[in-house]
Amino acid sequence: MSNWPLWEIFIRGEHGLAHRHVGSLHAVDAGQALMNARDVYTRRHEGLSIWVVKAGDITASAPGDKDALFEPANDKVYRHPSFYDIPDDAGAM
Amino acid sequence: MYAQMVKTEADRVKTLAEMDECERVFQERVDRGVKIEPKDWMPDGYRKTLIRQISQHAHSEIVGQLPEGNWISRAPTLQRKVILLAKVQDEAGHGLYLYGAAETLGVSRDELTAQLLSGRAKYSSIFNYPTLSWADMGAIGWLVDGAAIMNQVPLQRCSYGPYARAMIKVCKEESFHQRQGFDIMMSLCRGSAAQKAMAQDALDRWWAPSLMMFGPPDEHSVHSAQSKAWKIKINGNDELRHKFVDQTVPQAKLLGLEIPDPDLRWNEARGSYDIGQIDWEEFFQVVGGNGPCNRERLAARNKAHEDGAWFRDGLMAHADKTKARQQSQGEAA
């Protein structure tokens, strides 16, 4: 298995949700990664579509940037519908 | 368990006050139940212990295919055969999920494979016992997978994200394994006297090794305490062993089989069964490489690895050639 690249596997189920990361595997190329992903991650009807992405091609945010990236969302409660007090008489909204 | 007696390199568990800043922030995250992810800072000992534990678990899944593989070609019916094939295929899958989780900690798959093949890495003691009759397929599913589930269900909540997620996938599939084993036992116990005797013989041989899977009592073990503080071990060995016994004894009664332990007694005060002495000397012999099948299992893994080398090399050579051809066509166009 020396030097077989690592692939990240994404599966879309039959209920309309987006492709979801399910794990990874080693394969020589994209075709074999797809075939192996079928065997490893869809033995029980888990999916109807598979994406395989070379792990090295993924750019990820760094844990150290967590505050800079996600902190600004914390004080913007007005982005949530529950922030607004609407009278029941207004009906469905 | 599938990972037994995992060492942590701790001589005692540090208090929060004794930790440096990084360690304290880490421990407080673990205490709050926040998952640790691959790129997060983690103590060296946590990383090393997890690599040991997850890879032992993975090796156990892979070696665990061998005792059952022994009966695929001799399953009594076609249906039993496809079920056993599916189960053994699941074990391979579980091994892959776990190797994937271990690799996120910075160890390579080739290194893990090399550790298993050279005998440096451990795997569960249980897979070093022989499968002598078809009833052993029933006993393994019922007892061995049953014991594994006891340990794996709590590990779904462990602190390391990739390990916890792998455990969730494993647990979803594992319940089929235990039920198909119990189903085999039920068929044998409802069959002829000879079939029932075969089921009893399998229980007689697998009972004690299944109890040993949980490992020796560890309430005074520093490694166990450290692993619990890190939330990569959730329960004590005896705690899980007793839970397993309490669950399994009534199932044996349902089958009409006798648990091979003359000291087994219901303890009203504890609300749990008392069991007889476990032969830990046998356990240490098996873990140390001297079980009935240790050499055979390692030889089988090494042979499979060597026999498959030409195929793995061929796949890689073909992929390289295809890529080179596509590149030269791209340049020509």
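Residues numbered from 1 in each chain as written. Chains lettered and ligands numbered in written order. Predicted model: local features only at pLDDT ≥ 70, side-chain atom pairs only at ≥ 80, totals over all residues. Heavy atoms only, no water.

Draft legend 1. Structural detail: the overall build of chain B. Check the secondary structure of chain B and you find 13 helices and two strands. Relative to the 2.2 N^0.38 estimate, which gives 20 Å for 333 residues, the radius of gyration of chain B is 22 Å and therefore close to what a compact globule would have. Oriented by its inertia axes, the alpha-carbon framework of chain B measures out at about 75 × 60 × 35 Å. Looking at the 333 residues of chain B, the share that counts as buried comes to 50%. Residue pairs at least 24 apart in sequence account for 78% of intrachain contacts in chain B once pairs closer than 6 positions are excluded. (Helix = DSSP H or I, 4+ residues; strand = E, 2+ residues; numbered from the N terminus. Rg over C-alpha atoms; globule rule 2.2 N^0.38 Å. Buried < 20%, exposed > 50% of the residue type's maximum accessible area, 1.4 Å probe, protein only. Contact = heavy atoms within 4.5 Å.)

Draft legend 2. Geometry of the overall build of chain A. Helix and strand content of chain A: two helices and three strands. Taken from the N to the C terminus, the helices and strands of chain A come in the order β-β-α-β-α. Relative to a compact globule of 93 residues, whose C-alpha radius of gyration would be 12 Å, chain A shows 21 Å and is clearly more extended. With respect to the principal axes defined by its C-alpha atoms, chain A has extents near 65 × 35 × 15 Å. Every one of the 93 residues in chain A was classed for burial, and the buried ones make up 24%. Considering only contacts within chain A whose residues lie at least 6 apart along the sequence, 44% involve residues at least 24 apart. Of the roughly 6800 Å² that chain A leaves accessible, carbon and sulfur atoms contribute 55%. Averaging the positions of the 9 positive and the 13 negative side-chain charges in chain A gives two centres separated by 9 Å. (Areas by Shrake-Rupley, 256 points an atom, 1.4 Å probe, with all protein chains shown as cover. Lys, Arg positive; Asp, Glu negative; His and termini not counted. Charge placed at Lys NZ, Arg CZ, Asp CG, Glu CD.)

Draft legend 3. Region of the structure containing the pairing of strand S2 (residues 20-26) of chain A. Residues and elements named next belong to chain A. With five of its seven residues buried, S2 lies for the most part within the structure. Examined bridge by bridge, strand S1 (residues 6-12) and S2 share six bridges and lie antiparallel to one another. Within the sheet, the bridge partner assigned to Glu 8 lies in S2 and is Ser 24. (Pairing = 2+ DSSP bridges.)

Draft legend 4. Structural view of the packing of helix H5 (residues 109-118) of chain B against helix H12 (residues 294-307) of chain B. Residues and elements named next belong to chain B. Remark: H5 packs on H12, axes separated minimally by 9 Å, with the N-to-C direction vectors making an angle of 135°. Our classification of the angle between H5 and H12 gives oblique. Within the contact between the two elements, H5 uses Thr 113, Leu 116 and Leu 117 and H12 uses Leu 298, Arg 301, Asn 302 and His 305. Per-class residue counts for the contact of H5 with H12 are three nonpolar, three polar and one charged. (Axes fitted to C-alpha atoms, helices over the stretch in contact; angles between N-to-C directions. Parallel < 35°, antiparallel > 145°, perpendicular 65-115°, else oblique. Nonpolar A, V, L, I, M, F, W, Y, C, P; charged D, E, K, R; others polar.)

Draft legend 5. Representation of the sheet that holds strand S3 (residues 49-54) of chain A within the structure. All names here are of chain A. What the three strands build is an open sheet, ordered S2-S1-S3; its pairing is antiparallel. At either end of the open sheet lies a strand with only one pairing partner, and these are S2 and S3. Pairwise comparison of adjacent strand axes, ignoring direction, gives a mean angle of 30° for this sheet. Across six bridges, the pairing between S1 and S3 is antiparallel. The residue bridging Trp 7 from the neighbouring strand is Lys 54, located in S3.

Draft legend 6. Expanded view of the packing of aromatic side chains. Residues and elements named next belong to chain B. Per the stated rule, a full pass over the model turns up 16 aromatic pairs over all chains. With a centroid separation of 5.4 Å and 75° between ring planes, the pair formed by Phe 283 and Phe 284 is classed as edge-to-face. Here Phe 283 falls in the buried class, since its relative accessible area comes to 0%. Through a chain of ring-to-ring contacts, three or more aromatic side chains come together here, namely Phe 26, Trp 41, Tyr 46, Tyr 160 and Trp 230. In this structure, Arg 74 packs its charged tip against the face of Trp 71, placed 4.6 Å from the ring centre. (Phe/Tyr/Trp six-rings, centres within 6.5 Å; stacked < 30°, edge-to-face > 60°. Lys NZ or Arg CZ within 6 Å of the ring centre and 35° of its normal.)

Draft legend 7. Here's a closer look at helix H10 (residues 237-255) of chain B. All names here are of chain B. Between its first and last C-alpha atoms H10 spans 27 Å; for 19 residues at 1.5 Å apiece the expected length is 27 Å, and the two agree. Turning to H10, its buried residues number three or more, namely Asn 237, Leu 240, Arg 241, Phe 244, Val 245, Thr 248, Val 249, Ala 252 and Leu 255. Contacts made by the buried residues of H10 are with helix H6 (135-155), helix H7 (161-189), helix H8 (193-212), strand S2 (272-274) and helix H11 (280-290). One or two positions beyond H10, positive phi appears at Gly 256, with a value near 80°. (Expected span 1.5 Å × (residues − 1).)

Draft legend 8. How the structure looks around the pattern of salt bridges. Enumeration according to the criterion identifies 25 salt bridges over all chains in this entry. For Glu37(B), the salt bridge is made with Arg165(B), and the minimal N-O distance between the two is 2.9 Å. Taken as a pair, Glu37(B) in the loop between helix H1 (21-32) and helix H2 (44-63) and Arg165(B) in helix H7 lie far apart in primary sequence, 128 residues in all. Through salt bridges that share partners, Arg43(A), Arg44(A), Asp90(B) and Glu173(B) make up one connected network. (Salt bridge = Lys/Arg side-chain N within 4 Å of Asp/Glu carboxyl O.)

Draft legend 9. Summary view of the side chain of Gln152(B). Within the secondary structure layout, Gln152(B) lies in helix H6. Discounting chain neighbours no more than four positions away, the residues touching Gln152(B) are Tyr2(B), His57(B), Glu61(B), Met167(B), Val170(B), Cys171(B) and Glu174(B).

Draft legend 10. Spatial organisation of the interface of chain B and chain A. Tallying the contact residues gives 19 residues for chain B and 21 residues for chain A. Note on chain B versus chain A: buried area summed over both sides is about 1700 Å², and carbon and sulfur give 54% of it. Contact with chain A buries area across many residues of chain B, yet Lys39(B), Asp110(B) and Met316(B) alone supply 25% of it, more than any other trio. Viewed at the interface, chain A and chain B are joined by four salt bridges. At the surface where chain B touches chain A, the tally comes to seven residue pairs in polar contact (both at pLDDT 80 or more). Of all the elements in the fold, those that place two or more residues in the side of chain B that touches chain A are helix H4 (78-103), H5, H7 and helix H13 (309-332) of chain B. Ranked by residue count, the leading element in the side of chain B that touches chain A is H4(B), at seven residues. Class assignment of the residues belonging to the side of chain B that touches chain A gives a composition of six nonpolar, three polar and 10 charged. (Buried area = accessible area lost by both parts, 1.4 Å probe. Polar contact = N/O pair within 3.5 Å; in protein donor to acceptor, adjacent residues only side chain to side chain.)

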